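Architecture and fold: a report
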Amino acid sequence: MRVPLSWLREYVDLPATETGRDVQAKLISVGLEVETVEQVGDGIKGPLVVGKVLTIEELEGFKKPIRFCTVDVGQANGTGEPQEIVCGARNFAVGDKVVVVLPGAVLPGDFAIAARKTYGKTSHGMICSGDELGMGDDGSHGIIVLPPEHEVGTDAIELLQLVDEVLDIAVTPDRGYALSIRGVARETAIAYGLPLRDPALLDVPQPNAFGYPVQVSDPMGCDRFTARTVTGLDPEARSPLWLTRRLQKAGMRPISLAVDITNYVMLELGQPLHAYDRSRVQGPIGVRRAEQGEKLTTLDGAKRTLDAEDLVITDDRGPIGLAGVMGGANTEIDDTEGTTTEVVVEAAHFDALSISRTARRHKLASEASKRFERGVDPQAASAAAQRTVDLLVLLAGGTADAGVTEVIAPSAPHTITIPADHPDKVAGVAYGRETVVRRLQQVGCDVYGQDELIVTVPSWRPDLTDPNDLAEEVIRLEGYENLPSTLPKPPAGRGLTDRQRFHRRIGRALAGAGYVEAPNYPFIGEHVFDQFGLTADDPNRKVVKLVNPLSDEEPALRTTLLPGLLGALRRNDGRGSHDLALFETGLVFHPREELKIAVRLPVDRRPTDEEIASLTEALPVQPRHAAVVLTGAREQAGWWGKGRPSDWADAVEAARVLAREAGTELLVRGGQYGPWHPGRCAELAVVVEGVEQVIGYAGELHPGVLKTLGLPARTSAMELDLDVLELASSGVPKGPKISTFPVATQDVALVVDVAVPHAGVEAALREGAGELLESIRLFDVYENAAQLGEGKKSLAYALRFRADDRTLTVDEASAARDAAVSLAGERVGAVLRG
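Throughout what follows, the structure given in this document is the object of discussion.

Quick notes on the rules
- Residues numbered from 1 in each chain as written.
- Predicted model: local features only at pLDDT ≥ 70, side-chain atom pairs only at ≥ 80, totals over all residues.
- Heavy atoms only, no water.
- Helix = DSSP H or I, 4+ residues; strand = E, 2+ residues; numbered from the N terminus.
- Rg over C-alpha atoms; globule rule 2.2 N^0.38 Å.
- Buried < 20%, exposed > 50% of the residue type's maximum accessible area, 1.4 Å probe, protein only.
- Contact = heavy atoms within 4.5 Å.
- Lys, Arg positive; Asp, Glu negative; His and termini not counted.
- Charge placed at Lys NZ, Arg CZ, Asp CG, Glu CD.
- Pairing = 2+ DSSP bridges.
- Salt bridge = Lys/Arg side-chain N within 4 Å of Asp/Glu carboxyl O.
- Polar contact = N/O pair within 3.5 Å; in protein donor to acceptor, adjacent residues only side chain to side chain.
- Core = buried A, V, L, I, M, F, W, Y, C linked by side-chain atoms within 4.5 Å.
- Axes fitted to C-alpha atoms, helices over the stretch in contact; angles between N-to-C directions.
- Parallel < 35°, antiparallel > 145°, perpendicular 65-115°, else oblique.
- Left-handed = near helix turned anticlockwise from the far one by under 90°.
- Nonpolar A, V, L, I, M, F, W, Y, C, P; charged D, E, K, R; others polar.
- Phe/Tyr/Trp six-rings, centres within 6.5 Å; stacked < 30°, edge-to-face > 60°.
- Lys NZ or Arg CZ within 6 Å of the ring centre and 35° of its normal.

Before going further, it helps to examine the overall build of the chain. For the chain, the helix and strand inventory stands at 22 helices and 42 strands. Computed over C-alpha atoms, the radius of gyration of the chain comes to 39 Å, more than 25% over the 28 Å expected from 2.2 N^0.38 for 834 residues, which places it beyond the range of a compact globule. For the chain, the spread of C-alpha atoms along the three principal axes comes to 125 × 80 × 60 Å. Residues counted as buried form 47% of the 834 residues belonging to the chain. Partitioning the contacts of the chain with sequence separation of at least 6, the portion at a separation of at least 24 is 71%. A gap of 4 Å separates the mean positions of the 88 positive and 120 negative side-chain charges of the chain.

The next point concerns the sheet that holds strand E21 (residues 318–322). Taken together, the five strands give an open sheet; going across it, the order is E14-E17-E20-E21-E22, and neighbouring strands pair in mixed fashion. Of all the strands in the sheet, the pair left with one neighbour each is strand E14 (214–216) and strand E22 (326–327).

This paragraph deals with the environment of Gly 398. Along the chain, Gly 398 turns up in the loop between helix H9 (381–396) and strand E24 (399–408). Accessibility expressed as a relative area gives 8% for Gly 398, which makes it buried. Setting aside chain neighbours within four positions, we find Gly 398 in contact with Val 230, Thr 231, Gly 232, Leu 233, Leu 392 and Val 393.

Here we come to the pairing of strand E38 (residues 716–721). Of all six residues in E38, six are buried; the element is thus mostly enclosed. Neither face of E38 is exposed, since Ser 716, Met 718 and Leu 720 on one face and Ala 717, Glu 719 and Asp 721 on the opposite face are all buried. Bridge count for strand E32 (residues 624–631) against E38 is six bridges, and the pairing is antiparallel. Paired with His 625 across the two strands is Asp 721, which belongs to E38. Sheet analysis places strand E37 (residues 691–701) next to E38, joined by five bridges and oriented antiparallel.

Moving on to the pattern of salt bridges. Inspection of every chain in the model, using the stated rule, returns 55 salt bridges. Between Glu 526 and Lys 545 there is a salt bridge, with its nearest N and O atoms 2.9 Å apart. Separated by 19 residues along the polypeptide, Glu 526 in the loop between strand E29 (523–524) and helix H14 (527–532) and Lys 545 in the loop between H14 and strand E30 (556–557) bring together distant segments of the chain. By relative accessible area, Glu 526 is classed as partly exposed at 31%. Look at Lys 545 and you get exposed, because its relative accessible area is 54%. The partner of Glu 726 in a salt bridge is Arg 624, and the shortest N-O contact between them spans 3.1 Å. Linking Glu 726 in helix H19 (residues 722–728) with Arg 624 in strand E32, this pair joins segments that are 102 residues apart in sequence. Put simply, Arg 175, Glu 187, Arg 461, Asp 463, Glu 472, Glu 473 and Arg 476 are held in one network by salt bridges that share partners.

The subject of this paragraph is the side chain of Arg 439. Mapped onto the elements, Arg 439 comes out in helix H11 (residues 433–443). For Arg 439, a relative accessible area of 13% puts it in the buried group. A distance of 2.7 Å separates polar atoms of two side chains, one belonging to Arg 439 and the other to Glu 478. With sequence-adjacent residues up to four places away left out, Arg 439 is seen in contact with Ile 190, Val 474, Leu 477 and Glu 478.

Judged by nonpolar contacts, the single largest core of 54 residues is most densely connected at Val 3, Val 23, Leu 27, Leu 167, Ile 169, Val 265 and Leu 392. Excluding its chain neighbours within four sequence positions, the residues that come into contact with Val 3 are Leu 8, Glu 165, Val 166, Leu 167, Ile 169, Ile 181 and Val 184. One finds Leu 510, Val 628, Ala 651 and Leu 720 within the second-largest nonpolar core, a separate group that totals 30 residues.

Looking now at the packing of helix H20 (residues 758–769) against helix H22 (residues 810–828). Two numbers describe how H20 lies on H22: the axes approach to 7 Å, and their chain directions differ by 135 degrees. Taken as axis vectors, H20 and H22 run oblique relative to one another. At the point where H20 passes H22, the crossing takes the right-handed sense. Contacts between H20 and H22 pair Gly 760, Val 761, Ala 764, Leu 765, Glu 767, Gly 768 and Ala 769 from the former with Ala 816, Ala 819, Ala 820, Val 821, Leu 823, Ala 824, Arg 827 and Val 828 from the latter. Here the contact of H20 with H22 is composed, by residue class, of eleven nonpolar, two polar and two charged.

Attention now goes to the side chain of Thr 340. Mapped onto the fold, Thr 340 is located in the loop between E22 and strand E23 (343–350). There is a polar contact of 2.9 Å between the side chain of Thr 340 and the side chain of Asp 277. Apart from residues lying up to four places away in sequence, Thr 340 is in contact with Leu 233, Pro 235, Asp 277, Ile 333 and Asp 334.

For the structure on display, the rule yields nine aromatic pairs. Both rings, one in Trp 7 and one in Tyr 264, keep their centres 4.8 Å apart while their planes meet at 10 degrees; by these two values the pair is stacked. In this pair, Trp 7 sits in helix H1 (residues 5–8) while Tyr 264 sits in helix H6 (residues 257–269), placing the two residues 257 residues apart along the sequence. Each member of the pair Trp 7 and Tyr 264 is classed as buried. Positioned above the aromatic ring of Phe 92, the side-chain terminus of Arg 67 is 4.9 Å from the ring centre. Across the ring face of Trp 460, the terminal group of Arg 186 is positioned such that the distance to the ring centre comes to 3.9 Å.

In structure tokens, the structure reads:
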């Protein structure tokens, strides 16, 4: 919100010595974010005067049209003689009043004016455009042509209000009232302790049966609609300079008198308005929800397809405006033809949520929607309509119609009960009842009661909904800078939970294994499940959808980490990083079977265990997952060797790293799921309280999935459930016992069916070898039908045996090896090779 200081002074009698910087500091102290103070016209210096064009001579022989003009500037040039000026603009004629800058003046940008010879003539000054004077866009893109009533020689710096200070305020969503001069003036008056001249305090006639007919079919979407009519407007009337300059300083472009007036009143009072050409409105004005698929061409010329949730303004033909967002082209006031002599002024109050969703749905943010979605004072609608009517009568020569239409849905003011010492408890400062009551009354509240205050919230503050909001108002007006600084005193002995420690160990382990963490947004689109090839009944297809998603393409919370990680991999690969190993740990979200409403937890005490449990039951199920994705080289080539590409085994090894960090045994076997290649996919499982649970998958992704997602060939991935892995863990890993006795190594080569997985053979050998087995490693896989037989393979293992208290004998090591081989033979049919 851009607030000219000169406009602000109309409603608050600020000391004459107060500058924009001073006001900025005061407003910041009461909680408004005043980002900058713009010095409009800084450095401008006269003489800059009103002149009258006497003659125009067209100069020939140049590449562009050039005119040699004589201009009457009165006594501003010291002689009273006509001023000779060369000008290239063509939007003025003989007899027009223009703005002339004379030699010796300085324009914005430190542009000094002097007499100079150009195009064969000497130009003694310039005829100015709005851009040259720093006025911004006035829509004319040419020389400023002034109304004829201004006298020659008048100081144009004062006439055009070229010197001013403009406060640029970043208005937060909870302070919609600050999107108006009225709201900022109220904050300024409070900050300075001065009275406020409220521009909304107007005499408004009572509603009657003679006003323009209005029918509101959706009182929830529109609880107040005021309509006023003005007739006999002069179609040639133009906005006066003071009006256009205030709009320009506030960042708006002047358009036409009627539109400029509605914009002016909106900036002044914060109430968006709309003016309809009465001759183009057919029948009563209505407010209803749109029918699905209805069409409307808005003022920006776009033809829009409406949604059933859109609130629209209608007449007998159908929609004529998108309520609270933008009017329709079919009732637009046409300034180009100058035929509008009667207007219907609309001042309504619409539901903030409905307007916000409509503006987002149609990607159509407007000054009106920006205010409605933040909260507009419903009580200001009548005053805003009256102010608009008064200005139309004053500036356009119109006549206010006697009819006044007001459709109002019954409502009661919002009341909050608050202990008088509640702000004291929140801030830790003893304000006292008198201070609390005084500050709340300055905000506009009506306050009754002694120890227990009954506070009626003003209509322009819809953000005040509970006692803590009122406490915040007292604290900010008393000054955040006056709050004492106190160090918190946390109870001793509280550190990270076991769950947090485990999560951190997992992240460190993956980083140590060469992976780079790549956190992603937890949002997905459901089309990704089709790209992953998930079956129709897959549990991951059941998602939690957001009511207000950041993107319509990703309206759901993720049930898997892979879409975000693969998207990060694709972006990095597209930017030239082809050797990638990324990981992420985070929450995924699954809906509960029974939907519950979350309770509102207290803020003045710690919630009870029952309240926390109730809140948890209303939230989605949120298990923690860990996932990795790999592509390109896993080991770089160099003088040390050839290097190697990443493959499915690296993804499986990442899962083993996590299992070792958890101190549990990971079961790895062939599997098939979703995006993974059916022949290169491992199913990951752990044993929890004697029950085996599948916790994830690892391996190479399916070529079809890679092609659909635009990923490099041979991309691998792993994802598992960290919460279940933690349940299977043995707690904090303990350091291994290091024996001082020598190791005994035994190698065995076993022949098994090709369908037997290595994991099954290893598990049997490990169990059969007993406690003396220190480690087992597969070091060779051999297949030869001529030597081993059809459908057979050889798996060679290195077994390391060691005892803590003695040196093992050959017989002891051999016995342990034989026991391992024997159990492998029973379990998987393994036979010693040779």
